[in-house]
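Descriptive analysis of the structure
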Number of protein chains: 2
Amino acid sequence: MTKPRSRRGGGRPTIADVARKAGVGAITVSRALREPGRVSEDLRRQIQAAVDELGYVPDPNARALASARAEVFGVLVPSLTNNVFAEVVRGIYDSLSDSPFRIQIGNTHYSGLEEERLLQVFGSQRPAALIVAGIDQTPSARRLLENAGCPVVQVMETGPDPVDMMVGFSHLDGGRTAAEHLLQAGYRKIGFIGARMDPRSQRRLAGYRAAMDAAGLFDARLVTTTPVPSSVTLGRELFREALAKMPTLDGVFCNNDDIALGVLFECHRASIDVPKQIGIVGFNDLDMMQVSFPSITSVRTHRYEIGTRAVAMALSAIAGNRPEQRIVDLGFELMRRESTGR
Amino acid sequence: MTKPRSRRGGGRPTIADVARKAGVGAITVSRALREPGRVSEDLRRQIQAAVDELGYVPDPNARALASARAEVFGVLVPSLTNNVFAEVVRGIYDSLSDSPFRIQIGNTHYSGLEEERLLQVFGSQRPAALIVAGIDQTPSARRLLENAGCPVVQVMETGPDPVDMMVGFSHLDGGRTAAEHLLQAGYRKIGFIGARMDPRSQRRLAGYRAAMDAAGLFDARLVTTTPVPSSVTLGRELFREALAKMPTLDGVFCNNDDIALGVLFECHRASIDVPKQIGIVGFNDLDMMQVSFPSITSVRTHRYEIGTRAVAMALSAIAGNRPEQRIVDLGFELMRRESTGR
DNA sequence: GCCTGAGATGGTAGCGCTACCATTTGCATG
DNA sequence: CATGCAAATGGTAGCGCTACCATCTCAGGC
């Protein structure tokens, strides 16, 4: 009566059950599972047999409580449906699928406040690592990251002042490269069309502007943006708006590929010849860019690799290795296609 | 010396610190946080003040261990990048953002084995609820779901035999509706083009076949499928393959919208008139379908609502209410557009 | 004034695991 | 042959929280 056998636990086998069955101490079971090298092969086999027979699965909550460290990667992204972040997340998942680490994703909805709240929630679990999109955290979010007590990787962008580590590329350079390409292809009245306009889009715009300024061709009326979330439909609308403002437009650099596709469709509909009358450049290089008719020039970004690389860096830091590079620039690649082949 | 103050904890305030500061028992703090109604307003205020001052955040791991229940929703989807599942997941996130529940997503990669493994991992945490995509679990996965000891919602599809609850629609009816629409529009040599061909795609194919059989127009050479993951590029390739097999093809029902878009692009490229020479129907009705030129007829599915509804049902079950309906069919809607307007 | 019961609060005893510190053993060293 | 040391194993004491079961207070009924 003194031992009301598993009062709350629901009857699942515990480490003590395994230990009893294997005839060893509970600690040894724990060790056999976590650091097999430190347990003799004999016992290891015995313990494995007991684990298999009982169907024992360690309780991650108890483990986290006892070791003051959860085997969880916290991942913060601004959107779940944006293909760009989905690819990063996929890279993270694939890199972690054989590890004991679980993943917890937070959706910040592009909001600094929401990011702070999620960081608070994530932090309370003492995660093994944090991966966050972007480099423009609020001061308070930044403090939370600094005090998280675990490796932190900022992804998607590079910048001068990492919290801990960074993997990404320069959106400013990407934007400039896109605009310079249009310039070189002979376009002159080159517009910028952008939706959502998060900090990364802002920097692409800045890159576009730098190229246009250098060519002495910048005009504020060339820029058409909106904070509204991006979509193909919106691309079409923004393009019509841009054309209305500036009918002599002969090229557009789009914030992203959805917008670019919307522009292309509107050109079809309005019988505007691409690339003769209008040149189009997208950003990210989604699969469809190479198949569309005409195919669309785009700045290819390495989203999946950003995810895998971020995990590799975090894992290495968890293992106690200081990274050779704290800032990893994965770059981008301009994919020249029919849409700018004047 | 007997009490080495927070040896492992990392110095974060605990419930005991809050209790001390507020001059109450630890239990009362716990209650004030979880069931405010059961604590007098006076104490509640005092406790809140102590919580704020100390910056106390409850440890979810300790909570889960003590209560044998983690405030976690486990979500299992076959793909993270497929927009369809991303939308479902977004619905889940949005519905849960103001709740104490965290979300843990597992990516099964369309693999039953992987699904079993993840169910094992998720189950070990004693989640508050499980949401899984599809109804074709392996027997072993099904057993894990039945013994999970929490509400389970199968999403995306409806079927006769839920583990617990279901939210979705009939893919068979969706496929049949699409094919019947093409038939009614006057197309005769209607092909089916499908990538990935997961169980849901199989059922759409079955629906297509039922309609074609009923019209006496089915021919095995009309069907072109591949297990390869879907993409716009692949849509183009499969369409060329289909045309090569059956040059007199005058319509296609595509497995999904990416494939449909690939078909459309190839038609542009090969100067095949849509809808005159070829009618196209997609599935899911992504945003771009209504903007493309010509716009593409598609079967609209309510993905976001599937997510929100699944959460609502799970939450209600957690609260102890038996659901009125265990199986919720959210249906679909055929969006007639230019691509079938012969 | 006593009893009853509901509401508010607290103490104790774990939840299942691991950090920390023994203890034991075997074997090379002097 | 004592000594030292590493490798293997185990015991104890929590980790921070909540379930369970008191205890206490106070209103209302007799």
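Scope of this entry: the structure provided in the associated data block. (Residues numbered from 1 in each chain as written. Chains lettered and ligands numbered in written order. Predicted model: local features only at pLDDT ≥ 70, side-chain atom pairs only at ≥ 80, totals over all residues. Heavy atoms only, no water.)

**Points about the interface of chain B and chain A**
Across the contact, 54 residues belong to chain B and 54 residues belong to chain A. Buried area between chain B and chain A, summed over both chains or domains, comes out near 4,700 Å², and the portion from carbon and sulfur atoms is 55%. At the junction of chain B and chain A, the tally comes to four salt bridges. Ionic pairing is found between Glu 338 of chain A and Arg 269 of chain B, a salt bridge with its closest N-O pair at 3.3 Å. Applying the counting rule to chain B against chain A returns 20 residue pairs in polar contact (both at pLDDT 80 or more). Those elements that provide at least two residues to the side of chain B that touches chain A are helix H4 (60-67), helix H5 (83-96), strand S2 (102-107), helix H6 (112-123), helix H10 (232-245) and helix H11 (257-269) of chain B. In the side of chain B that touches chain A, the residues fall into 23 nonpolar, 18 polar and 13 charged. (Contact = heavy atoms within 4.5 Å. Buried area = accessible area lost by both parts, 1.4 Å probe. Salt bridge = Lys/Arg side-chain N within 4 Å of Asp/Glu carboxyl O. Polar contact = N/O pair within 3.5 Å; in protein donor to acceptor, adjacent residues only side chain to side chain. Helix = DSSP H or I, 4+ residues; strand = E, 2+ residues; numbered from the N terminus. Nonpolar A, V, L, I, M, F, W, Y, C, P; charged D, E, K, R; others polar.)

**Here's the deal with the protein's contact with DNA strand D**
Looking at DNA strand D, there are 28 residues lining it, with Thr 28 of chain A together with Ile 15, Ser 30, Tyr 56 and Arg 63 of chain B nearest. The sugar-phosphate portion of DNA strand D accounts for 61% of its atoms within 4 Å of the protein, the bases making up the rest. Interatomic distance of 3.2 Å between a side-chain N/O atom of Arg 34 of chain B and a phosphate oxygen of DNA strand D. Among the secondary structure elements, those contributing two or more residues to the surface near DNA strand D are helix H2 (26-34) and helix H4 (60-67) of chain A together with helix H2 (26-34) and H4 of chain B. Across the surface near DNA strand D, the residue classes break down as 13 nonpolar, seven polar and eight charged. (Near = heavy atom within 4 Å.)

**Brief notes about the sheet that holds strand S2 (residues 102-107) of chain A**
Residue and element names in this part refer to chain A. If you trace the six strands from one edge of the open sheet to the other, you get S2-S1-S3-S4-S5-S11, paired in parallel fashion. Two strands bound the open sheet, and with one partner strand each, they are S2 and strand S11 (327-329). Mean inter-strand twist for the sheet, computed between neighbouring axes without regard to direction, equals 15°. Taken together, the six bridges between strand S1 (residues 72-77) and S2 define a ladder with parallel strand orientation. Each bridged residue has a counterpart across the sheet, and for Val 77 the counterpart in S2 is Asn 107. (Pairing = 2+ DSSP bridges. Axes fitted to C-alpha atoms, helices over the stretch in contact; angles between N-to-C directions.)

**Considerations on the sheet that holds strand S1 (residues 72-77) of chain B**
Residue and element names in this part refer to chain B. Across the sheet, which stays open at both edges, the six strands sit in the order S2-S1-S3-S4-S5-S11 with parallel pairing between neighbours. With one partner strand each, in any of the chains shown, S2 and strand S11 (327-329) form the two edges of the open sheet. On average, adjacent strands in this sheet sit at an angle of 15° to one another, irrespective of strand direction. Taken together, the four bridges between strand S3 (residues 129-133) and strand S4 (residues 152-157) define a ladder with parallel strand orientation. Paired with Val 132 across the bridge in S4 is Gln 154.

**Here's the deal with helix H12 (residues 303-318) of chain A**
All names here are of chain A. When the terminal C-alpha atoms of H12 are compared, their 23 Å separation across 16 residues agrees well with the 22 Å that a helix rising 1.5 Å per residue should span. Within H12, the full set of buried residues consists of Arg 303, Ile 306, Gly 307, Ala 310, Val 311, Met 313, Ala 314 and Ala 317. Along the axis of H12, the buried positions cluster into a sector of 165°, meaning they face one direction only. Gly 320 lies just past H12 and shows a positive phi near 95°. (Expected span 1.5 Å × (residues − 1). Buried < 20%, exposed > 50% of the residue type's maximum accessible area, 1.4 Å probe, protein only. Arc of directions from axis to C-beta.)

**Focus: the relation of the copies chain B and chain A**
For these two chains of identical sequence, chain B goes onto chain A by a turn of 180° and a shift of 0.0 Å along the axis, with RMSD 0.1 Å. Such a combination of turn and shift is consistent with a two-fold rotation axis. A symmetric contact is evident, with 100% of the interface residues of chain B recurring at the interface of chain A. (Least-squares fit on C-alpha atoms with pLDDT ≥ 70 in both.)

**Details of the pattern of salt bridges**
Residue and element names in this part refer to chain A. One pass over the full model with this rule turns up 52 salt bridges over all chains. Here Arg 45 makes a salt bridge to Glu 41, at a shortest N to O gap of 3.2 Å. Linking Arg 45 with Glu 41, this pair stays in helix H3 (residues 41-54), spanning four residues, or about one helical turn. Residue class for Glu 41 comes out partly exposed when judged on its relative accessible area of 47%. The residue Arg 90 makes a salt bridge to Glu 87 at a minimum N-O spacing of 2.9 Å.

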